[in-house]
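# Structure assessment
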Amino acid sequence: MKLSLFAIKAVTASTAVLLLAGAGFAGEIKGKVSVQGLKSAENIAVYVDTIPDKKFDPPTTKPVMDQTRMTFVPRVMVVQAGTTVEFLNSDPVGHNVYWPSISGNKKLSHNLGTWPKGEKKSFQFNDVGIASLLCNVHPEMSGYIVVSPTPYFAVTDKSGNYEIKDVPPGKYTLKSWSEDGKVTTQAVEVGAGTVTADLTVKK
């Protein structure tokens, strides 16, 4: 039996309402990271740690880690596990990118080789942890890629502020990582609005 035009419109309207309501359920986590014994509260990674029984599809976007003016830019990049990162050389000299381990696991070391200005090389980071980026050609260069188990993450600004958007309601463990400080964890419960979670990172 065919649905009447009125019934079709009613179903369509109801679906739209449900979609809008579902979109409104996502919350956000924001706050400020304070430091003790560290030079700066900038470039500290904050992310939602592993969620039991929850898996996430690899993202299709490919963030770019640039090599420009003899530095890695950004210095700290957070990506979801499964992300393919593109490494760009924007300098007029050859650069090399390698990491000796991921969170101390030397079996996960990798060397992308050396390439000239304007070219990119890609790598998919499937293992959760910290990849310390180095350059064989220029030993003064260093950077970090933090591989998060979830797509909910942020990096602090110069004042230590961070914001993680589109987090579904639930109880989570918030985790921080910094170049010179200890790892910090904190329980957080997210609702439909904004929850504030301030962290303190110590050396």
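Heads up: the structure comes first, above all this text.
These remarks concern the structure in this document. (Residues numbered from 1 in each chain as written. Predicted model: local features only at pLDDT ≥ 70, side-chain atom pairs only at ≥ 80, totals over all residues. Heavy atoms only, no water.)

### Quick look at the overall build of the protein
For the protein, the helix and strand inventory stands at 1 helix and 17 strands. Taking all 203 residues of the protein together, the buried fraction comes to 38%. Taking contacts inside the protein between residues at least 6 apart in sequence as the whole, the part at least 24 apart equals 62%. With the model as given, the accessible surface of the protein reaches about 11,500 Å², and the carbon-plus-sulfur share is 54%. (Helix = DSSP H or I, 4+ residues; strand = E, 2+ residues; numbered from the N terminus. Buried < 20%, exposed > 50% of the residue type's maximum accessible area, 1.4 Å probe, protein only. Contact = heavy atoms within 4.5 Å. Areas by Shrake-Rupley, 256 points an atom, 1.4 Å probe, with all protein chains shown as cover.)

### Things to note about the sheet that holds strand 9 (residues 120–125)
With mixed pairing, 4 strands are arranged side by side in an open sheet as 4-3-6-9. The open sheet is flanked by strand 4 (71–73) and strand 9, the only strands paired with a single partner. The average undirected angle you get between the axes of adjacent strands in this sheet is 25°. The pairing of strand 3 (residues 64–68) with strand 4 spans 3 bridges and is classified as antiparallel. Residue D66 lies in a different strand from strand 4, and its bridge partner there is V73. (Pairing = 2+ DSSP bridges. Axes fitted to C-alpha atoms, helices over the stretch in contact; angles between N-to-C directions.)

### Looking at the nonpolar core
General note: in soluble globular proteins, nonpolar side chains tend to be found buried as a group. Counting residues in each nonpolar core, the largest one holds 20 residues, and the members touching the most others are I29, Y162, I164 and L174. Of all elements in the fold, only strand 1 (27–36), strand 2 (45–48), strand 13 (161–167), strand 14 (170–177), strand 15 (184–190) and strand 17 (199–202) reach the threshold of two or more residues within this core. Top element by residues in this core is strand 13. It accounts for 3 residues. Once you skip the residues sitting within four places of it in the chain, I164 turns out to touch G27, E28, I29, V46, Y47, Y152, F153, A154 and L174. Among the nonpolar cores identified, the runner-up in size contains 19 residues, and F72, W99, W115 and I145 belong to it. (Core = buried A, V, L, I, M, F, W, Y, C linked by side-chain atoms within 4.5 Å.)

### What to know about the environment of D180
Note that D180 resides in the loop between strand 14 and strand 15. With 23 residues separating them in the primary sequence, D180 and K203 have C-alpha atoms 6.2 Å apart. Not counting residues up to four positions away in its chain, the partners in contact with D180 are L38 and K203.

### Details of the pattern of salt bridges
Scanning the model with the defined rule gives 3 salt bridges in all. With a shortest N-O distance of 3.2 Å, K120 and E86 are connected by a salt bridge. You can see K120 sitting in strand 9 and its partner E86 sitting in strand 6 (residues 83–89), a full 34 residues away along the chain. Residue class for E86 comes out buried when judged on its relative accessible area of 16%. (Salt bridge = Lys/Arg side-chain N within 4 Å of Asp/Glu carboxyl O.)

### Comments concerning the environment of P149
Looking at the element boundaries, P149 is found in the loop between strand 11 (142–148) and strand 12 (153–155). Along the chain, P149 and V79 lie 70 residues apart, while their C-alpha atoms are 8.7 Å from each other. For P149, the residues in contact, after removing those within four places along its chain, are Y47, V48, D49, T50, F56 and V128.

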